[in-house]
Amino acid sequence: VQLQASGGGLVQAGGSLRLSCAASGRTFSSYGMGWFRQAPGKEREIVAVISESGGTTYYGDSVKGRFTISRDNAKNTVYLQMNSLKPEDTAVYYCAASSSGYSRNWWNYGYWGQGTQVTVSS
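Residues numbered from 1 in each chain as written. Predicted model: local features only at pLDDT ≥ 70, side-chain atom pairs only at ≥ 80, totals over all residues. Heavy atoms only, no water.

To continue, consider the overall build of the protein chain. Summing up its helical and strand segments, the protein chain has zero helices and eleven strands in all. By the compact-globule yardstick of 14 Å for 122 residues, the protein chain fits well, its C-alpha radius of gyration being 13 Å. For the C-alpha atoms alone, the extent of the protein chain along its principal axes is close to 40 × 25 × 25 Å. For the protein chain, with 122 residues in total, the buried portion stands at 43%. In the protein chain, of all internal contacts separated by at least 6 residues, the share reaching a separation of at least 24 is 57%. Only carbon and sulfur atoms are counted for the fraction: they give 45% of the accessible area of the protein chain, which is about 6100 Å². Averaging the coordinates of the 11 positive side-chain charges in the protein chain and doing the same for the 7 negative ones gives two points 5 Å apart. (Helix = DSSP H or I, 4+ residues; strand = E, 2+ residues; numbered from the N terminus. Rg over C-alpha atoms; globule rule 2.2 N^0.38 Å. Buried < 20%, exposed > 50% of the residue type's maximum accessible area, 1.4 Å probe, protein only. Contact = heavy atoms within 4.5 Å. Areas by Shrake-Rupley, 256 points an atom, 1.4 Å probe, with all protein chains shown as cover. Lys, Arg positive; Asp, Glu negative; His and termini not counted. Charge placed at Lys NZ, Arg CZ, Asp CG, Glu CD.)

Taken as a whole and assessed by the stated rule, the structure comprises one disulfide. Between the sulfur atoms of Cys 21 and its disulfide mate Cys 95 the distance is 2.0 Å. On the S-S bond that ties Cys 21 to Cys 95, the torsion sits near 55°, and the link is right-handed. Remark: Cys 95 occurs in strand β9 (residues 91-98) and Cys 21 occurs in strand β3 (residues 17-23); sequence separation between them is 74 residues. Of the two residues, Cys 21 and Cys 95, neither departs from the other in class, the shared state being buried. (Disulfide = S-S within 2.5 Å.)

Two pairing modes exist for strands in a sheet, parallel and antiparallel, and in both the strands are linked by backbone hydrogen bonds. Strand order in this open sheet of four strands is β1-β3-β8-β7, and the pairing throughout is antiparallel. A single partner strand is all that each edge strand has here, and the edge strands are β1 (3-6) and β7 (67-72). Ignoring which end each strand starts from, the neighbouring axes of this sheet average 15° apart. (Pairing = 2+ DSSP bridges. Axes fitted to C-alpha atoms, helices over the stretch in contact; angles between N-to-C directions.)

Despite not being glycine, Asn 76 has its phi angle at roughly 55°, a positive value. The topology assignment puts Asn 76 in the loop between β7 and β8 (77-82). Its identity as a non-glycine residue notwithstanding, Ser 84 has a phi of 50°, on the positive side. With respect to the secondary-structure elements, Ser 84 resides in the loop between β8 and β9.

Judged by nonpolar contacts, the single largest core of 29 residues is most densely connected at Trp 35, Leu 80, Met 82 and Tyr 93. Looking at this core, the elements with two or more residues in it are β1, β3, β4 (32-38), β5 (45-50), β7, β8, β9 and β11 (116-121). Grouped together as the second largest cluster of nonpolar side chains are five residues, Phe 36, Val 49, Ala 96 and Tyr 109 included. (Core = buried A, V, L, I, M, F, W, Y, C linked by side-chain atoms within 4.5 Å.)

What follows is the structure, encoded as C-alpha cells:
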C-alpha cells in the first residue's frame, strides 16, 4: 500500500488543522492505520491509531481530548483532526499502515507516508 499525507502547514496556537492520508490499493480496510510524529531531536511518538473498521482508537497522552482520528474505508483515507494546537505539537506527521491490524507500536507499521510538516506558532 502507498500512502500520501497532506494537510500540514503553519497555524497559530489554539488553531486547528486536518490531516488526510490517502492510500492506494483495494485492501485499505484490512489495515490498521496510525498517525505518528517526530520533532527535531526527539523520538518518534504515537499520535493516534485506529482499527481496521474504525471501531477502536487510541491516542497518545499529549493529544487526548484535542485530536481525533477517523477513517473512511470507501475513500481509502484516514484523517487526523487537530484542535487546540500547541507549539509543542510542531513536528513532521506521518501516516502509517499495519498489515497485521490495529497496533499501538510504530514498529508494527510496515508502510509509511512521506510526512507532512505541522508548525504551531506561539
